[in-house]
There are 4 protein chains.
Amino acid sequence: MATRAPKKKSLIEELRRKQIVDTAIRTIATRGFANTTLNNIAEAAGVSTGVITYHFRNKNDLIEQSIKKLFEAPNEYVIGRVERQSAQSDRLRTYIEATIRFNMENRDHCVALIYSFSSITSQAHRQQVIAKHHTKIRRFLEKILRDGQAAGEFGKFDAAVLAQIVFGAIEGLLTQWVLDPATTDLARASKQLIDMVERHISPS
Amino acid sequence: MATRAPKKKSLIEELRRKQIVDTAIRTIATRGFANTTLNNIAEAAGVSTGVITYHFRNKNDLIEQSIKKLFEAPNEYVIGRVERQSAQSDRLRTYIEATIRFNMENRDHCVALIYSFSSITSQAHRQQVIAKHHTKIRRFLEKILRDGQAAGEFGKFDAAVLAQIVFGAIEGLLTQWVLDPATTDLARASKQLIDMVERHISPS
Amino acid sequence: MATRAPKKKSLIEELRRKQIVDTAIRTIATRGFANTTLNNIAEAAGVSTGVITYHFRNKNDLIEQSIKKLFEAPNEYVIGRVERQSAQSDRLRTYIEATIRFNMENRDHCVALIYSFSSITSQAHRQQVIAKHHTKIRRFLEKILRDGQAAGEFGKFDAAVLAQIVFGAIEGLLTQWVLDPATTDLARASKQLIDMVERHISPS
Amino acid sequence: MATRAPKKKSLIEELRRKQIVDTAIRTIATRGFANTTLNNIAEAAGVSTGVITYHFRNKNDLIEQSIKKLFEAPNEYVIGRVERQSAQSDRLRTYIEATIRFNMENRDHCVALIYSFSSITSQAHRQQVIAKHHTKIRRFLEKILRDGQAAGEFGKFDAAVLAQIVFGAIEGLLTQWVLDPATTDLARASKQLIDMVERHISPS
DNA sequence: AATGAATGAGATTTCATTCAT
DNA sequence: CATGAATGAAATCTCATTCAT
């Protein structure tokens, strides 16, 4: 029942912020990162430009809130589904499937996420934020692999490195799908990735 | 088979262009995409602002030349090494190893490449250029896989999809390494990826 | 001789106006003139933004009310004390002492006053208001000097010019104290100024 | 023969900067501090707005350069004249006369200087800059007084405090003259101030 | 009376591009 | 070829003011 909100935000304030973040994500997916202005976002949201700087400290603040959501939204989706599984092999498969599915069902989200790499500036902060999110997700995957080894479900392999590979493979597949959806068959790739990984980790 | 420049560029002209493109890549890697101005590049190259717009039609032209180089440089490196191998299994292993190695030895290049994936502006052109490069490399990998199947070196699998996965995995690993080099062991990941793929495609 | 408000203000209305003016002065002293927004003042007063524009025609109105108070508050303090003295030499000394004392006891007031001297916008009106207040106080001082001459307490000198000097000296001392309180000893300066002026005007 | 210039400025660059600073001072004197925009200054200088941010980091930078000049220009004028005098009593008189004269001959300068107090923001930096300039000038005056005491030209008094008073009196007189030139006779005030001070410090 | 979200005019700032030298 | 000062369009940011609740 803990209340957060460092500065007590009103309900309407929260709604507006959420609306603007969602619109920002949509606009970035449509126009690209470099080409998205506050005006574009305001117009897409049907509000005046001033509304954005009224609710966010500045453009950078809005962008970072959007990036936060870009990482958290798929996480919530995936983690919830993974945790409903008990066997680690089911968890692993669910992790891959759910991640791919979320992105297929939310292309704007996926596109904006991939684009967000270009938003990294020399101010290390932005990079750190993205890196932290990356690491967090990768660790979640790594834990599944280790738990599976501990339970005897999986054989012997370097869990940290395999987590890197699987996570990297998914991200790389999504990048391809963003750039060239016509020649990228995410669903089949998902199946084959699962198949390959399962064979790799089987205890035999 | 080298084609000469269609518009007769002087030698000094070519050198300048090359110098500027290289500096642009280095600057993007250092400052991020959104934070790199023509002045930044000019300063880093030790020339005046005007030099850039003298040698390139405009900023977009310079960026596209840089992106071209970002894709072509690792390609040359990798393809050369791959083609010295005759067995397809050697080619496949060489492809993965050489790609990882080139990027480890040219971090600026790698960083700029990852940043650029999503430097897409509303001119769909940029996205098409990147997608085309992606596809080209993936096709090269796919051909190795198919040739290996034809030669009986590899077993049965969907080559197009596996090419997607392997290519995606490498790209994803590089992305992780760009964001967080400390926790990303590229060399080990490379070995394990090769191991996993080889087991997956073994004909048995 | 107090005139009632020409437009019938309720008691609560008057209290609010006074509270806001006081807060404005405090905020200007804290944040500087150029850096004080209506929101800053509202926040410092613990009220909503709208309250200010509800009680004041606009920002300019609030600022002018505040400037009015900045001049009137020390005046009331000083004039009351001066008029309790009968000898003009006592009045003169009291004038200087009381002015310095009021400002030492109300640093925010003093700071805001110094800052406001030059808050002049292109509307010459603001400058006129400040000049009028200045002149009024100077005249008050001048009268003491003239009355002293008439009574034979003081010797021969140009009263108008000496009033300028004394008034200017006090204002200048306060400015220094505002800018650099550590190196400005107002109390000693006050004594020495009185001493110097008294010697200058002594009839001998 | 020491060269300064931390970053090697070209001659034309220096001229432009000087021109813009001068125009800024003139514009501030005319329009007031709060009412002066970069556009106003650019227009008055007959250049485009971009020129200003090309030659100055930002508006704040220009303002601080202008404030620097506001303090340094009268200083140079006054110090040069003072140092041509050998007797300390001549130096003191020259200090007061020259300060008043410079300001009478450069009203824009004087007006902008007085206005500059309103430019102080909560960022302590601006205040410190102004305070530092103030202190420096006051110390110069203090030294004249002490040297005169050491030479036996002047009698016994607290030199630091008298310097405060004389400096404050001049500044206060200038403030009055800025606000209300019609009723402020600077020339006569200057004479009477000298007279009063000389009597105060005479050794008898 | 009071609130505070929203507006929009006007300011500052950035920067690709031009052009006289 | 090269320079770098200048431009001006377009972006971000600020904030007094309005207004529905």
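Located above this text is the structure these notes cover.
Rules and cut-offs
Residues numbered from 1 in each chain as written. Chains lettered and ligands numbered in written order. Predicted model: local features only at pLDDT ≥ 70, side-chain atom pairs only at ≥ 80, totals over all residues. Heavy atoms only, no water. Near = heavy atom within 4 Å. Polar contact = N/O pair within 3.5 Å; in protein donor to acceptor, adjacent residues only side chain to side chain. Helix = DSSP H or I, 4+ residues; strand = E, 2+ residues; numbered from the N terminus. Nonpolar A, V, L, I, M, F, W, Y, C, P; charged D, E, K, R; others polar. Phe/Tyr/Trp six-rings, centres within 6.5 Å; stacked < 30°, edge-to-face > 60°. Buried < 20%, exposed > 50% of the residue type's maximum accessible area, 1.4 Å probe, protein only. Lys NZ or Arg CZ within 6 Å of the ring centre and 35° of its normal. Contact = heavy atoms within 4.5 Å. Buried area = accessible area lost by both parts, 1.4 Å probe. Salt bridge = Lys/Arg side-chain N within 4 Å of Asp/Glu carboxyl O.

**Some words on the protein's contact with DNA strand E**
Around DNA strand E, the surrounding shell holds 32 residues, and the nearest of these are A:Arg16, A:Val51, A:Tyr54, A:His55 and D:Lys59. Between DNA strand E and the protein, one listed contact pairs a phosphate oxygen with a side-chain N or O atom of A:Tyr54 at 2.6 Å. Counting only elements with at least two residues in the surface near DNA strand E, the list comes to helix H1 (11–31) and helix H3 (49–55) of chain A, helix H3 (49–55) of chain B, helix H1 (11–31) and helix H3 (49–55) of chain C together with helix H3 (49–55) of chain D. If one sorts the elements of the surface near DNA strand E by residue count, H3(C) sits on top with five residues. Residue classes in the surface near DNA strand E are distributed as ten nonpolar, 17 polar and five charged.

**Looking at the protein's contact with DNA strand F**
C:Lys59, D:Arg16, D:Val51, D:Tyr54 and D:His55 are the nearest of the 31 residues found near DNA strand F. If you look at DNA strand F and keep only atoms within 4 Å of the protein, 75% of those are sugar or phosphate atoms. D:Ser48 is positioned with one of its backbone polar atoms (N or O) 3.0 Å from a phosphate oxygen of DNA strand F. If one sorts the elements of the surface near DNA strand F by residue count, H3(B) sits on top with five residues. Residues of the surface near DNA strand F, tallied by class, amount to ten nonpolar, 16 polar and five charged.

**Some thoughts on the packing of aromatic side chains**
By the definition in use, this model includes twelve aromatic pairs over all chains. On the basis of an interplanar angle of 45° and a centroid distance of 6.5 Å, the ring pair of A:Phe154 and A:Phe157 is categorised as tilted. Since its relative accessible area comes to 6%, A:Phe154 is described here as buried. Ring geometry for B:Tyr95 versus B:Phe140: centroids 6.3 Å apart, planes at 40°, classification tilted. With B:Tyr95 in helix H5 (residues 88–105) and B:Phe140 in helix H7 (residues 124–150), this residue pair connects regions lying 45 residues apart in the sequence. Of the residues examined, B:Tyr95 reaches a relative accessible area of 3% and is grouped as buried. A cation over a ring is seen here: B:Arg81 above B:Tyr77, with NZ or CZ 3.7 Å from the ring centre.

**A word on the interface of chain C and chain D**
Contacts between the two partners involve 50 residues from chain C and, on the opposite side, 48 residues from chain D. Taking both partners together, chain C and chain D bury about 4200 Å²; carbon and sulfur atoms supply 56% of that area. Our count for the chain C to chain D interface comes out at two salt bridges. Between C:Asp158 and D:Arg188 there is a salt bridge; the shortest N-O distance is 2.8 Å. In this assembly, chain C and chain D are joined by 18 residue pairs in polar contact (both at pLDDT 80 or more). Listed by contribution, the elements that provide at least two residues to the side of chain C that touches chain D are H1, helix H6 (107–116), helix H7 (124–150), helix H8 (159–179) and helix H9 (186–201) of chain C. Ranked by residue count, the leading element in the side of chain C that touches chain D is H8(C), at 14 residues. Partitioned by chemical class, the residues of the side of chain C that touches chain D number 21 nonpolar, 19 polar and ten charged.

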